[in-house]
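Coordinate analysis (summary)
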Amino acid sequence: MPTVGVKRDFLFNALGRTYTDEEFDELCFEFGLELDEITSEKEIISREQGDSKASGASDLILYKIDVPANRYDLLCLEGLVRGLQVFKNKLEAPRYRRVSPDGGEPQRLIITKETAAVRPHAVAAVLRNITFTQERYDSFIELQEKLHQNICRKRSLVAIGTHDLDAISGPFTYTAKAPGDICFRPLNQTKEYTAIQLMSLYKTDSHLRHYLPIIEDKPVYPVIYDSNGVVLSMPPIINGDHSRISLQTKNVFIECTATDLTKAKIVLDMMVTMFSEYCAQPFTVEQAEVVYPDGKTCVYPELAYRKEKLSGEFVNRKVGIRESTDRIAQLLTRMCLLSQPTGVGDEIEVEIPPTRPDVIHACDIMEDAAIAYGFNNITRTTPLTYTVANQFPLNKLTELLRQDLAAAGFTEALNFALCSQEDIADKLGKKISETRAIHISNPKTAEFQVARTTLLPGLLKTVAANRKMPLPLKLFEISDVVLKDESKDVGARNSRRFCAIYYNKTPGFEVIHGLLDRTMQLLDVKPARGEGYHIQAADELSACQYRAGSETP
Amino acid sequence: MADVLARRSCGLGHVRFEKTTSHPASIGASSMADTGVLEALLQRVEKADGGVDSLAAAAGLGVDHQVIVGAVKSLQALGDVISAELRSSKHWELTEEGTETAEQGSHEARVFSSIPAEGLPQAELMKLSFGKIGFSKAMSNNWIRVDKSHEGGPRIFRTVESIQDQVREKLLLVKRGDAAQLDEKEKNELKKRKLLAEVTVKSYWIAKGSSFSTTITKQETELTPEMIATGSWKEKKFKPYNFEAMGVAPDCGHLHPLMKVRTQFRQIFLEMGFSEMPTNNFIESSFWNFDSLFQPQQHPARDQHDTFFLSDPALAQEFPPEYLERVKKVHSEGGYGSQGYKYDWKIEEARKNILRTHTTAVSARMLYKLAQQEKFTPVKYFSIDRVFRNETLDATHLAEFHQIEGVVADYGLTLGDLMGVLHQFFTKLGITKLRFKPAYNPYTEPSMEVFSYHEGLKKWVEVGNSGVFRPEMLLPMGLPEDVSVIAWGLSLERPTMIKYGINNIRELVGHKVNLQMVYDSPICRLDS
């Protein structure tokens, strides 16, 4: 869940009133946000780097707010304020409009066919006559970062570049070149680097190094040029320094390059809907043209408004409320979904704005109605569903047996299903290839290399960790191990095992043998060769392990 | 025998009888030996007017005070023979150095007396054990002088004929028990010189009890078959039980606390008419774990950083082919009233085997199976089993934990129904104050986080997650359109840690648990 940090006083100023922490927490809760932490820059720095570093930092109160992972429209102060103001009926949701430039042609971004090998999509738009303040600028940069970390999947799906349009001149070309052929001065650097040099330069950059693997192994790297050959950016790594934006920037060219076009369009819509508020003509966005290698031209941003129709009865039936069609339309409008009854029965027409790409089904609209109604105002009811309960037979047997094994004087251990290869092979004198173990491809430590194929190592480790306990130790575990099994769709299955261990200064084989006899007695299996059970010597170290399941007739 | 004695108050003093330390023979022996002391003490009490102090009694009888304390405990165990009231008093006592000084004189006095009339070389004096301290004190008392210009080095001479060793006299006063004759300043001066110390002494004020007697009847510790046969028990006096000591722990096995809590949750679901799902399949395909739940293939939960993928067996085979097509379509193009996610859905991604990240994968399989029935029948399902996350580990997060999940599928279920079922479920856990926060889950809409009011913390804490499964998940399975499926989940470890007051999850599960914790954990009643 993304967390957005906003300065409390700016937030309250934008909301047009102040709240106590409790009141604001309550408002967040109702709206589906969570006021996660109340802190300050000073406090954060002092916590992370020590008090000495924090001395000069601001002690303005910061609210850290958890935002649902699908609400990209709430990832910055502008969006949060708009969402909450509309929710509180203090503001009508703005209408976002795409406009042509005042005279002249729209900016054009031409995609060449070479990009297909690395990052085939791009979209673009212009924010014209924007006024930045330090706060707005910081929020603008922060939103890009939040989008990069979330919907852009750490820039792998989409990367955003924002540029001072007055420093560059279109048309722009989005192409891909061999790394040695790309050379420019990147952000915050004083000299030019080739792409090869940049990749090694950023190897040690705590922030940028995470993005290098996205293109590292590609034969060509993506790059955007202006008509004079100035590099705007080398997505998804870094922008050029030439077109960097500043507080004085008036016209912003935004490009998003992507491997997923749908997400690129959403990201662009988010950037422009959130910040067109500060344009000379608020909530208008100047369109740009993107020309594909096949000659096809698309106009962005899409800023698409979609209309859906649903019935008031549907919302009432799904939520469990009885509200009029008018009232449901009002509830939805408070969630930035402008709605009105069509007059045909209880039909409601709902307009989904470009800020709400999370609304993809009528159930999403229904949920918004429920949120606006207030989850905690809904009457709690008991469904009439009549069913008879059944236990899973294997679990029922396990539950019964566990009780009686404890009654037989053995104590239950509970060990991990994952372990190291060594635990189930080397330490038991086996080869890992003999174990039928499944293997994990991405374990962070050796503890998670395989799933256990036997319960014995866990019990032995429990004994080893409890050597200060008075003897004897009598332990058991009934749990699942995992074995490869080609007859299953996933190629593996669980197997329920029972393992017990007796640990004392004298061997006491008869004790563990006695427990086996008792277990068989509980399972109503007689000691007999053929139709019953018997034990025989085995060469394995794990000689005291028996399979409960297979020994049940 | 040791076990019997452990329940009885035997012998002397404070001996607390632990299983491992009790030694019946020695207890018996010391008990016998002190009968004389007991009777002597009783005689003193009889003669005294109003009672005696145990310290005075010890001095009078010429025994250690601890012996008297032991005698008091023994007499108390016999019933109301005596009454003993614990008192504490402060008094002054000589330190080790103080005792030496009282015997041999103060350092300065010893310096004075070691100097002959013809004087003593200073170096000589300093060799004596009391030389250094005694010299400076004697100097400040003006008892001695140093002649630095004396031939053969500095030499020390007496300046007065005789001295009075007041320090020694004061210490002797204290030794005789007459510390009261010294004023506070004097006592503190001596305390500073580490010659005196103020100590707290505990003693008993011993007086006659309601059944006082100067003779002691020997008490039996055990009722034997012989006593019953001969009838001699009627004449015997029996020692009362010592209810202060712990009993002997029974020789038994113990169930693991987490499993005890699991049993209770199972019980709750069964009481509510929920059937148990077969969740004994830790290995799951990405298809059933994610795709079937309408969780898009780029979702962060499907990242290497969050999920354990398998290298062997790496890929799953065989999916229901028509269902697979429908899942692919709803992800990439939409359908069933949905816009879909509009991305290039890949079978390769769906085939990747993983360690399941939630038991909802099993719920998906069960709901798909339900949809294949000729006629839909309402169901209520539950499961409690292990799930796996490749996450960063901390005091409350492990790579594997147990997920509790409940699912209800029926025609026309509402969000109000989900809240009602949750209310019933949590009431059985003893939690009645619930509220719900809108949340986001890829496969439920609406989604609600469940919060309960924690009376101890005085705030709302999250206790579970819930929602209504999305149509994009249910309709491709083939479930009827008007069937709703509501579900909720929580972890088993968290309520268990709260219940048993455990702060670090490694103290609850895995081989590092302290078995004593397992032995000592009480039964689990979630609603109390």
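If you're wondering where the values come from, they're calculated on a predicted model, not measured in any experiment.

1. Things to note about the overall build of chain B
Of the regular secondary structure elements, chain B holds 21 helices and 18 strands. Relative to its length of 528 residues, chain B is extended, with a C-alpha radius of gyration of 42 Å against a globular reference of 24 Å. Considering only C-alpha atoms, chain B reaches an extent of 120 × 90 × 40 Å along its principal axes. Split into buried and exposed, the 528 residues of chain B put 50% on the buried side. Nonlocal contacts in chain B, meaning residues at least 24 apart in sequence, comprise 70% of its contacts between residues at least 6 apart. Working note: accessible area of chain B is about 25500 Å², and carbon and sulfur atoms make up 51% of it. Taking the average place of the 64 positive charges on the side chains of chain B and the average place of its 68 negative ones, the gap between the two points comes to 3 Å.

2. Regarding the side chain of B:H402
All names here are of chain B. Locating H402 in the fold gives a position in strand β14 (residues 400-411). Judged by its relative accessible area of 4%, H402 is buried. Other than its neighbours up to four places away in sequence, H402 contacts L258, M259, D385, R386, L490, S491, L492 and E493.

3. A closer look at the UniProt feature "domain: B5" (unreviewed entry) in chain A
When the UniProt feature table is mapped to this numbering, "domain: B5" (unreviewed entry) covers residues 303-380 of chain A. The straight-line gap between the two end C-alpha atoms of residues 303-380 of chain A is 39 Å; of that span, 37% is helix and 21% is strand.

4. Re the interface of chain B and chain A
With 105 residues of chain B in contact, the opposing surface of chain A contributes 94 residues. Between chain B and chain A, roughly 8300 Å² of surface is buried when both sides are summed, and carbon and sulfur atoms account for 55% of that area. Our enumeration of links across chain B and chain A arrives at seven salt bridges. The partner of B:R262 in a salt bridge is A:E399, with the nearest N and O atoms 3.4 Å apart.

5. Quick word on the domain arrangement of chain A
Assigned domains within chain A: domain 1 (3-71 + 82-88), domain 2 (97-300), domain 3 (306-376) and domain 4 (393-523). Once you take the C-alpha centre of each, domain 2 of chain A and domain 4 of chain A turn out to be 56 Å apart.

6. A few points about the sheet that holds strand β3 (residues 61-66) of chain A
Residues and elements named next belong to chain A. Taken in spatial order, the three strands line up as β1-β3-β2 in an open sheet, and their pairing is antiparallel. Lying at the two open borders of the sheet, with one neighbouring strand each, are β1 (3-7) and β2 (34-40). Neighbour-to-neighbour, the strand axes of this sheet turn through a mean angle of 25°, independent of strand direction. Direction of pairing for β1 relative to β3: antiparallel, over a ladder of five bridges. Note on β3: the bridge partner recorded for V4 is I65. The strands touched by helix α2 (residues 21-31) within the sheet are β2 and β3, with β2 carrying the most contacts at an inclination of about 145°.

7. Concerning helix α12 (residues 393-407) of chain A
Residue and element names in this part refer to chain A. Given a rise of 1.5 Å per residue, 15 residues ought to cover 21 Å, and the 21 Å separating the end C-alpha atoms of α12 matches this to within 8%. Buried within α12 we find N395, T398, E399, L401, R402, L405 and A406. Just downstream of α12 lies G409, where phi reads positive at about 95°.

8. Side note on unusual backbone geometry
Of note, the bond from A:L471 into A:P472 is cis; its omega dihedral lies within 30 degrees of zero at -5°. Mapping A:P472 onto the fold places it in the loop between α14 (456-465) and β24 (473-484). Of note, the bond from B:E445 into B:P446 is cis; its omega dihedral lies within 30 degrees of zero at -5°. You can see B:P446 is positioned in strand β16 (residues 444-454). One non-glycine residue with positive phi stands out, namely A:K154, at about 50°. On the secondary structure map, A:K154 appears in the loop between α6 (134-149) and β7 (158-164). Residue classification places A:K154 among the partly exposed positions, given a relative accessible area of 40%. A positive phi angle, near 55°, is found at B:Y336, a position not held by glycine.

9. Focus on the packing of α12(A) against helix α13 (residues 257-271) of chain B
Packing of α12(A) against α13(B) leaves a shortest axis separation of 12 Å and a crossing angle of 130°. Between α12(A) and α13(B), the angle falls in the class oblique. Seen from above, α12(A) lies across α13(B) with left-handed handedness. Across the interface between the two elements, A:N395, A:K396, A:E399 and A:R402 from α12(A) touch B:M259, B:K260, B:R262, B:T263 and B:R266 from α13(B). Grouping the constituent residues of the contact of α12(A) with α13(B) by class yields one nonpolar, two polar and six charged.

10. Brief notes about the pairing of strand β6 (residues 196-208) of chain B
Residues and elements named next belong to chain B. When strand β1 (residues 52-53) meets β6, the two strands line up antiparallel, connected through two bridges. Looking across to β6, one finds that D53 is bridged to W205. Examined bridge by bridge, strand β2 (residues 82-94) and β6 share 13 bridges and lie antiparallel to one another. Of the residues in β6, the one forming a bridge with E93 is A197.

11. A word on empty space enclosed by the protein
In this structure the tally under the stated criterion is six cavities of 30 Å³ or more. Estimated volume of the largest cavity: approximately 230 Å³. When residues of the lining of the largest cavity are traced back to their parent elements, those giving at least two are α12 and β24 of chain A together with α13 and β13 (379-388) of chain B. For the lining of the largest cavity, the leading source of residues is β24(A), giving four residues. Grouping the amino acids of the lining of the largest cavity by side-chain chemistry returns six nonpolar, four polar and 10 charged. The calculated volume of the second largest cavity comes to roughly 150 Å³. Considering the residues around the second largest cavity, the lining is formed by 17 residues, among which A:P68, A:R71, A:E367, A:I371 and B:A439 are closest to the centre. Looking at which element gives the most residues to the lining of the second largest cavity, the answer is helix α11 (residues 362-373) of chain A, with four residues. Here the residues of the lining of the second largest cavity sort into eight nonpolar, two polar and seven charged.

Definitions and limits used
- Residues numbered from 1 in each chain as written.
- Chains lettered and ligands numbered in written order.
- Predicted model: local features only at pLDDT ≥ 70, side-chain atom pairs only at ≥ 80, totals over all residues.
- Heavy atoms only, no water.
- Helix = DSSP H or I, 4+ residues; strand = E, 2+ residues; numbered from the N terminus.
- Rg over C-alpha atoms; globule rule 2.2 N^0.38 Å.
- Buried < 20%, exposed > 50% of the residue type's maximum accessible area, 1.4 Å probe, protein only.
- Contact = heavy atoms within 4.5 Å.
- Areas by Shrake-Rupley, 256 points an atom, 1.4 Å probe, with all protein chains shown as cover.
- Lys, Arg positive; Asp, Glu negative; His and termini not counted.
- Charge placed at Lys NZ, Arg CZ, Asp CG, Glu CD.
- UniProt positions renumbered as here; feature names shortened; annotations may be inferred.
- Buried area = accessible area lost by both parts, 1.4 Å probe.
- Salt bridge = Lys/Arg side-chain N within 4 Å of Asp/Glu carboxyl O.
- Domains from an automatic or database assignment.
- Pairing = 2+ DSSP bridges.
- Axes fitted to C-alpha atoms, helices over the stretch in contact; angles between N-to-C directions.
- Expected span 1.5 Å × (residues − 1).
- Parallel < 35°, antiparallel > 145°, perpendicular 65-115°, else oblique.
- Left-handed = near helix turned anticlockwise from the far one by under 90°.
- Nonpolar A, V, L, I, M, F, W, Y, C, P; charged D, E, K, R; others polar.
- 1 Å grid on protein atoms, 1.4 Å probe; cavity = no way out; pocket = protein on both sides within 12 Å on 5 of 7 lines; lining within 4 Å.
- Points joined across faces, edges and corners; volume = space filled by probe spheres on them.

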